[in-house]
Amino acid sequence: MDSRHPRRRSALRLVASRVTFGHTWPRAALRPAPVAPPSDWSPPRPSPGLGQPGWGNRTGACRKPEAGSAAAAAAALAFLRQLYPYAMPVLRPTVSAGRLLLLWLRLPLRPPGPRLSSGRAAAAGALERAMDELLHRAVPAMPAYGLREKTPAPAENQCADFVSFYGGLAEAAERAELLGRLARGFGVDHGQVAEQSAAVLQLLQQPREAAVLLQAEDRLRYALEPRYRSLFHHISKLDGGVRFLVQLRADLLEAQALKLMEGPHVREMNGVLKSMFSEWFSSGFLNLERVTWRSPCEMLQKISEAEAVHPVKNWADMKRRVGPYRRCYFFSHCSTPGEPLIILHVALTSEISSSIQTIIVKESPTSETEERDKITTAVLYSLSLTQQGLQGVELGAFLIKRVVKELQKEFPHLGTFSSLSPIPGFTKWLLGLLKSKAKDHGRNELLTDSECKEISKITGGPVNETLKTILSSSEWVQSEQLVRALQAPLMRLCAWYLYGEKHRGYALNPVANFHLQNGAVMWRINWMADVSLKGITGSCGLMVNYRYFLEDTATNRTTYLSSKSIKASEQVLSLVAQFQKNSKL
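Remember, predicted model here, so these are calculated numbers, not experimental data.

(A) Representation of the overall build of the protein in the model. Of the regular secondary structure elements, the protein holds 23 helices and 9 strands. Restricting to contacts in the protein with at least 6 residues of sequence separation, those with at least 24 account for 73%.

Written out as C-alpha cells, the structure is:
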C-alpha cells in the first residue's frame, strides 16, 4: 500500500493539518485500527536537542511551537518518531520517522484557502532550517590541536541522526541541498590555515630545531582537514556506515552530473571522500572471490544484474559465462562480505579473440572438462563496477593484477594476457566531427575522394549528410556493400580517436586511458567485433585489444603517466599514419 492509498493519505493529512496549525490532538485520533496504543499513551516529551519543553504532555494533547521556526521542524520530527510505532497499520514497515516528516512537509495543508501557498513556502523553509540544525548537531567540532587525541568521540546517535535524516530524503534535489550545505558550511577553517601557514613560514625564515618545524607542519596539516571529514570518519564506524558513505558519494556524483550542485566546495568534498575510500578499499582489505555455476543463486543474480558491458540475456547465457573455459571473479570488502564491488569476466582461449561474439554467443562446450593444454591466452572481456560511489578508486587495476596471479597459479603455462574492450564514445565523437568538419558543397575532409564516391554511389546522397544519418542507427550493417565501403575509413578514424585524441595529454577514451595507465599496449583494432545494437550504435561495431606484457607493464605505465606517450602496435600506428595522410584536419 503506497502513500496514495486513501486511508494512509487521510491519516498523514490529519497529522499535517493538526501539527501545522497548532490544533490539539485528541488521543483517539492517534489510534489507527486495528492496533491501538496503550490506554495511557500520549506523545512523550522529545529528547533534548530534538524538540522544545512543553511539546509533549501526559494529557493526550500537544501543541506545535511557533509555525515556520526551526524548532517546529525538529519538534515535528521528534513527535513523528513517537507516532511511528502506532502508524504502522497505515504505513509500510520501511517508512522511517524522517520520511514521515518529509511526507508531512509535502502534503496539502488543511484547511484549504489563502494559507496554502504560504504554508508550502513555510514547509520548504522549515526543511532547510531542519537541515541546518541537524548539521550543527551532527557534525563534531574540531578540537584544539593539543586536545585532538584526548577529546572523546561524539555520541553515536549524533552520526546516526545524520544517517537517518539523509535516508529519509527521497528527492535527489533534497539530498543535494543537504550535501551542499555540509560542503559549504563545514569545510576548512581558512583562518586557522592562514595562521598555521604563517607560523611555518616564520620558522623557515628563522631556522629552529627540526622537531619544532615538523610540529608546525603537523598543525598545518590538521588545520587543512575539513570539519565534515570527522563526520564521515565517525559514520564509517557505524554498522553499515561504509556502505552508506559509498552511496552518499554516488548521490554526490549524480547531483554534480545533473547540475544540482556545483562549485569548489562540492568538488573538494568529492575529493575527500575519494581519498578516504582509496585508503579503506586498498588491496589489503579486499577479498578475491570466484563465481561458478555452483555459486548461490542469489550471487549469480547479482553478477547478472551488475553486468554493464555485455548484458546477460538469460540463465543459459549466465551459465556459459561461468562455465568451462570461462572465469568470473569479483572483489568484496571486509565491511560488506560477499557483496561484489567490481566484477571481471575472463575467457580462456588459444589466441587473442577479435570478436565478442566468439566469447558470449558461442555455444557452451559439451564437456565440463577443460583441455588445459589448449589454454594459452586469457582474454579479459568485461569489467563492471557495481558501486558508482567508488568511481576513481583504484579497484580495476588491483583486480586485474590479482586475477592474473590467480590464473598463473591454475595454469602455469599461461603466457598471453589481453583485453577485448569496447570503445564507448567513438560514434558520438565521429558524428560531432562530421558536423564540425563539413565544408561547403558537401566536401568531406575525413574520407578520400574515392571513398566519398563509393559511399555516395551506394547510398545515393551527399556523403556528409548520409554518414550522419546512417551512423545514428544500426541499420547500415544490413548492407554488405556499405560495411565493406566503411571499413577502411572507420578503422583509421577509430585508431586516431584512441591514439590521437587527448584530454590533458592523456587518452580521451576512458577505457583506453584505464588500460594504458595499467601498462598495457594498444594492440589491435577489430572490425565488426561487436554487432549487438549497443556495439553498433556506440562504437560502429569496433572493439580493441589491449595486451599486457607482464614484464613491461611497469615501464609502460611509468612512460604513459610521465611523458604521456602511448605504447601501440604496428597495426595501430599504421592506421594512425593513414589517418594523418588521408584526412585533411
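Resuming the write-up.
(B) Inspection of the packing of aromatic side chains at higher detail. Scanning the entire structure with this criterion turns up 15 aromatic pairs. Seen from their ring centres, W293 and W315 are 6.2 Å apart, and the 70 degrees between their planes marks the pair as edge-to-face. You can see W293 sitting in the loop between strand 1 (286–291) and helix 12 (297–306) and its partner W315 sitting in helix 13 (residues 315–321), a full 22 residues away along the chain. Under the relative-accessibility criterion, W293 is labelled partly exposed at 36%. Plain terms: the ring middles of F426 and Y497 are 5.7 Å apart, the flat faces sit at 50 degrees to each other, and that makes the pair tilted. Taken together, the positions of F426 in helix 16 (residues 426–437) and Y497 in helix 19 (residues 480–499) put the pair 71 residues apart, joining distant regions of the chain. By relative accessible area, which is 0% here, F426 ends up buried. Among the aromatic residues, ring-to-ring pairing joins F162, Y166 and F244 into one connected group. Here the basic side chain of R148 rests over the ring of Y145, its NZ or CZ set 3.8 Å away from the ring centre. The ring of W523 has R547 lying over it, and the distance from NZ or CZ to the ring centre is 4.9 Å.

(C) Fine view of helix 11 (residues 264–280). Here helix 11 spans 24 Å end to end across 17 residues, near enough to the 24 Å set by a 1.5 Å rise per residue. Every buried residue of helix 11 is listed here: V266, M269, N270, V272, L273, M276, F277 and W280. For helix 11, the angular spread of the buried residues around the axis is 160 degrees, confining them to a single face. Of the residues in helix 11, the exposed ones pointing more than 90 degrees away from the buried face are P264 and R267. On its buried side, helix 11 packs onto helix 6 (172–185), helix 9 (227–235), helix 10 (241–257) and strand 2 (326–333).

(D) Examining unusual backbone geometry more closely. Positive phi values are uncommon outside glycine, yet R504 reaches one of about 55 degrees. Here K564, not a glycine, exhibits a phi torsion of approximately 60 degrees, which is positive. Looking at the secondary structure, you find K564 in the loop between helix 22 (553–563) and helix 23 (570–582). Among the residues examined, K564 registers a relative accessible area of 33% and is labelled partly exposed.

(E) The arrangement of the pattern of salt bridges in detail. Under the criterion given, the structure shown has 17 salt bridges. Between D317 and R321 there is a salt bridge; the shortest N-O distance is 3.0 Å. Placement of both D317 and R321 in helix 13 is noted, with a separation of 4 residues, approximately one turn of the helix. Each member of the pair, D317 as well as R321, is classed as buried. The partner of K468 in a salt bridge is E465, with the nearest N and O atoms 3.2 Å apart. Note that K468 and E465 are positioned in helix 18 (residues 463–470) at a spacing of 3 residues, about one turn of the helix.

(F) Spotlight on the sheet that holds strand 2. Strand order in the open sheet formed by 7 strands is 1-2-3-4-5-9-8, and the pairing between neighbours is mixed. Edge positions in the sheet fall to strand 1 and strand 8 (521–526), since each of these pairs with one other strand and no more. Ignoring strand direction, the axes of neighbouring strands in this sheet form an average angle of 30 degrees. By the bridge criterion, 5 bridges tie strand 8 to strand 9 (residues 543–548) in an arrangement that is antiparallel. Its bridge partner lying in strand 9, M522 is registered against Y546. Set on the sheet, helix 15 (residues 396–410) makes contact with strand 1, strand 2, strand 3 (342–349), strand 4 (377–385), strand 5 (416–419) and strand 9; between it and strand 2 the angle comes to about 130 degrees.

(G) Broad picture of the nonpolar core. Residues F162, F281 and W476 are the most contacted members of the largest nonpolar core, which totals 110 residues. In this structure, W476 is in contact with I470, L471, L482, V483, L486, L490, W527, M528, I536 and C540, ignoring residues within four places of it in sequence. Formed by 10 residues, the second largest nonpolar core is a distinct cluster that contains M299, L300, I303 and V312.

(H) Local environment of empty space enclosed by the protein. Per the stated rule, a full pass over the model turns up 3 cavities of 30 Å³ or more. Each pocket or cavity is described by its volume, and for the largest cavity that value is around 90 Å³. Along the walls of the largest cavity sit V242, R243, V246, F281, S335, T336, E339, L341, Q387 and L390, which together make up its complete lining.

(I) Highlighting the environment of F411. With respect to the helices, strands and loops of the structure, F411 is situated in the loop between helix 15 and strand 5. Under the relative-accessibility criterion, F411 is labelled buried at 0%. C-alpha of F411 to C-alpha of D373: the two residues are 38 residues apart in sequence and 9.1 Å apart in space. Beyond its immediate chain neighbours, meaning those up to four positions away, F411 contacts R327, L348, E370, R372 and I375.

(J) Examining helix 16 more closely. With 12 residues, helix 16 should reach 16 Å at 1.5 Å per residue; the first-to-last C-alpha distance of 16 Å fits that figure. For helix 16, the full list of buried residues reads F426, T427, W429, L430, L433 and L434. Down the axis of helix 16, the buried set is contained in an arc of 160 degrees. They therefore lie on one face. Seen from the open side of helix 16, the exposed residues pointing more than 90 degrees away from its buried face are K428 and K435. Tucked inside the fold, the buried residues of helix 16 contact helix 18, helix 19 and helix 21 (533–539).

(K) Examining the confidence of the model for the protein more closely. Confidence along the protein averages 82 in pLDDT terms, with 77% of residues attaining 70 or more. Predicted confidence for residues 1–71 stays below pLDDT 50, and this span has 138 contacts to residues more than four positions away or in other chains. Confidence over residues 83–98 falls short of pLDDT 50; this stretch has 35 contacts with residues more than four positions distant or in other chains.

Rules and cut-offs
- Within any chain, residue numbers begin from 1 and follow the written order of that chain's sequence.
- Side-chain atom pairs in this predicted model are given and counted only at pLDDT of 80 or more, local residue features only at pLDDT of at least 70, and totals for whole chains, interfaces and linings cover all residues.
- Note that water and hydrogens are dropped before the side-chain values are worked out from all heavy atoms of the structure.
- The helix count covers DSSP runs of H or I at least four residues long, the strand count covers runs of E at least two residues long, and both are numbered beginning at the N terminus.
- Residues count as neighbours in contact if any of their non-hydrogen atoms are within 4.5 Å of one another.
- Side-chain rings of Phe, Tyr and Trp, where Trp is taken by its six-membered ring, are said to pair if the distance between their centres is within 6.5 Å; with planes under 30 degrees apart they count as stacked, over 60 as edge-to-face, and otherwise as tilted.
- Each residue's exposure class comes from its accessible area (1.4 Å probe, protein chains only) as a fraction of the maximum for that residue type: buried when under 20%, exposed when over 50%, partly exposed otherwise.
- Both a distance and an angle decide whether a charge sits over a ring: NZ of Lys or CZ of Arg must be within 6 Å of the ring centre and within 35 degrees of the ring normal.
- Helix span, expected: 1.5 Å multiplied by one less than the number of residues in the helix.
- Here the arc refers to the directions that run from the helix axis out to each C-beta atom.
- For this document, the term salt bridge refers to a Lys or Arg side-chain nitrogen within 4 Å of an Asp or Glu carboxyl oxygen.
- A pair of strands counts as paired when DSSP detects no fewer than two bridges linking them.
- All axes are obtained by fitting lines to C-alpha atoms, using only the stretch in contact for helices, and the reported angles, taken between N-to-C directions, cover 0 to 180 degrees.
- Only buried residues count toward a nonpolar core. Its members are Ala, Val, Leu, Ile, Met, Phe, Trp, Tyr and Cys residues joined through side-chain atoms within 4.5 Å.
- In this analysis a 1.4 Å probe is tested at points of a 1 Å grid over the protein atoms alone, and where it fits but cannot get out there is a cavity; an open set with protein on both sides within 12 Å along at least five of seven lines is a pocket; lining residues have an atom within 4 Å of a point.
- Grid points are joined across faces, edges and corners, and a volume is the space filled by probe spheres set on the points.
- For every residue, the predictor reports its confidence as pLDDT, a number between 0 and 100.

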